[in-house]
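So you can see what is in the structure, the chains are spelled out below.
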Amino acid sequence: MSTPRPDFLAALAGRNDGPPPLWMMRQAGRTLASYRKLREGTDFLTFCKTPELAAEATLLPVRELGVDAAILFADILLPAEALGLELHFEEGVGPVTSPPVRSAADAAQLQRRDVAETCDYLAGVIRRVRAGLPEGVPLIGFAPSPWTLAAYLVEGRARKGFPALKTFTYADPAGFAAFLDLLTDTLCAYGQLQVEAGVQAFQIFDTWAELLPPPLFYELVLPRVQRLADAIDVPVIYFAKGTAAFFEQLCPLRVAALGCDWTIDIAEARQRCSGKALQGNLDPTVLYAPAEAIQRETWAMLDKMQGDRAYVVNLGHGLAPDIPESHVHAFVEAVRSWTPDHE
Ligand code: CP3
C-alpha cells in the first residue's frame with residue numbers, strides 16, 4: 001500500500017498529524033523543461049488565457065515533482081485588464097502595463113469592468129485543473145495584494161526602488177488610499193471568481209511589502225489585505241516578503257497561514273506567531289548548491305518544525321528559472337526522506 005499523501009488543507013487548518021505537505025512558489029515555470037517546451041511559440045499572456053495550456057502548466061509540477069498542492073498558472077497582473085489597462089509581456093522583463101497610474105487623476109480614468117467577465121478564461125483553467133488533479137491534491141488560487149498590484153500599475157513594470165509608486169504614496173496620501181481601495185474591490189472580485197470556479201485555497205502575494213516603512217505598511221496594506229482575505233471563502237495564505245522585522249504584526253490577521261521568506265528563522269517565526277499555519281521558508285538559492293547541501297539545509301528546517309501540525313514546506317520565494325531541474329527533485333527528495341530521528 002502506498003503511504004497517504006501529506007495533507008495540505010489539514011496543515012492550513014492546523015490539524016496535520018502526518019509528514020508536512022510541500023509545494024513551491026513558481027513550481028510551474030521555466031525551471032521545468034516540460035514547461036519551456038509547452039510554452040514554445042506562444043506568447044505568455046496568450047498562454048495564460050488558453051485553458052488547455054495554462055491547465056497543463058498547472059498540472060506539470062504535480063505530475064513531475066509530486067508536490068502536494070497545485071498553484072493556478074496565471075500572473076499577478078492579469079487583473080489589470082479589468083481596470084481597462086493594456087497588458088503585454090516583454091520577454092526578459094515580464095508583464096508591462098500601460099498607461100502608468102501615477103496620480104489620483106490617472107486613477108480616475110480607470111475603468112471598472114466586470115472582473116468575472118474580463119478574466120473568464122481563469123474559470124476555464126480552474127475547472128480543467130480540478131478535473132485533472134489526483135485525489136487529495138488541492139488547487140491554490142492567487143492574487144497580488146492591493147499594494148503589490150499598485151506597485152506594478154504605478155510604475156508600469158518592476159523598477160528598482162519603485163520611485164513613481166513611492167512618489168504617489170507620499171505626495172497624495174488620500175488619493176493613493178482611494179486607489180488602493182479601488183484595487184481591493186477589483187481583487188475581491190478576482191479572488192471570488194477563482195473560488196467560485198473551484199480553487200480550494202488562496203495565496204495573496206505581497207512581493208513588494210518590503211518597500212514600505214512599518215507604520216505605513218500597517219496603515220495602508222494590512223487593512224486592505226484583511227478586506228481581500230475576508231472576501232475569499234477558502235483558506236488564505238498571506239505571503240508578505242521582507243516583513244521579518246515586524247513579523248508578529250502580521251499574526252492578528254484573520255488568515256489561515258502566513259508565508260515566510262528566508263530572512264526569518266522558521267522556529268523564531270513560530271515563536272512570534274502561534275495559532276496559524278506557517279509556510280516556507282528555505283532560501284531558494286540553496287537549490288543552486290549540490291544535493292548534499294540541499295538535503296542538509298532542508299532537514300535543518302524540517303527539524304525545527306518537527307511535529308508542528310500547522311506547517312507547509314515551501315521556499316522563501318519563487319524558484320528561479322535557472323535552478324537545475326535535478327536540484328528541484330533533490331529538494332523534493334530531501335523533504336520526503338526526512339524523518340524526525342534522522343542522523
Ligand atoms: O508556478 C507558479 O507559481 C504559478 C504561476 C505564477 C506565475 N507568476 C507564472 C509566471 C505565479 C504565482 C506568479 C506570480 C507573480 N507574477 C508574482 C508574485 C510572486 C513573486 O515572485 O513574488 C510576480 C511579482 C509576478 C509578475 C511577473 N510575472 C514578473 C515580474 C515576471 C517576469 C519575471 C520572470 O520570472 O519571468 C512574470 C512572468 C512569469 N509569471 C513567468 C511565469 C511562469 C515566466 C514566463 C515565461 O517566460 O514563460
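The coordinates are above.
Owing to the predicted nature of the structure, the values given are computational and were not obtained by experimental measurement.

K.L.:
Now, about empty space enclosed by the protein: what can you tell me, with residues and values included?
P.N.:
To locate leftover empty space, one rolls a probe as large as a water molecule over the atoms. Here the structure, examined in full by the defined rule, presents 1 cavity of 30 Å³ or more. Lining the largest cavity we find A240, G242, T243, A244, F247, G259, C260, D261 and I264. Its residues assigned to classes, the lining of the largest cavity comprises 5 nonpolar, 3 polar and 1 charged.

K.L.:
Let's hear about the pattern of salt bridges: which residues, and what values?
P.N.:
If you walk through the whole model with that rule in mind, you get 18 salt bridges. Linking E91 and R39 is a salt bridge whose minimum nitrogen-to-oxygen distance equals 3.2 Å. Linking E91 in the loop between strand 2 (86-90) and strand 3 (94-98) with R39 in helix 2 (residues 33-39), this pair joins segments that are 52 residues apart in sequence. In this structure E91 comes out as exposed when scored by relative accessible area, which is 57%. The partner of E90 in a salt bridge is R157, and the shortest N-O contact between them spans 3.3 Å.

K.L.:
Residue-level account of the site of the ligand, with values.
P.N.:
Surveying the vicinity of the ligand reveals 23 residues, the closest of which are R30, Y35, D75, T207 and H317. Here A28 contributes a backbone N or O atom positioned 2.8 Å from an oxygen atom of the ligand. Among the detected pockets, the ligand sits in the largest pocket. Residue assignment for the shell around the ligand shows that the elements contributing at least two residues are helix 2 and strand 3.

K.L.:
Explain the side chain of T58 to me, and be specific about the residues and the numbers.
P.N.:
If you trace the backbone, T58 turns up in helix 4 (residues 51-65). On the basis of relative accessible area, T58 is assigned to the buried category, the value being 0%. Of the polar contacts made by the side chain of T58, one reaches the backbone oxygen of A54; its length is 2.7 Å. In this structure T58 touches A70, I71, L72, F73, V129 and L139, once residues within four positions along its chain are discounted.

Procedures and definitions
Residues numbered from 1 in each chain as written. Predicted model: local features only at pLDDT ≥ 70, side-chain atom pairs only at ≥ 80, totals over all residues. Heavy atoms only, no water. 1 Å grid on protein atoms, 1.4 Å probe; cavity = no way out; pocket = protein on both sides within 12 Å on 5 of 7 lines; lining within 4 Å. Points joined across faces, edges and corners; volume = space filled by probe spheres on them. Nonpolar A, V, L, I, M, F, W, Y, C, P; charged D, E, K, R; others polar. Salt bridge = Lys/Arg side-chain N within 4 Å of Asp/Glu carboxyl O. Helix = DSSP H or I, 4+ residues; strand = E, 2+ residues; numbered from the N terminus. Buried < 20%, exposed > 50% of the residue type's maximum accessible area, 1.4 Å probe, protein only. Near = heavy atom within 4 Å. Polar contact = N/O pair within 3.5 Å; in protein donor to acceptor, adjacent residues only side chain to side chain. Sits in = over half its atoms within 2 Å of the grid points. Contact = heavy atoms within 4.5 Å.

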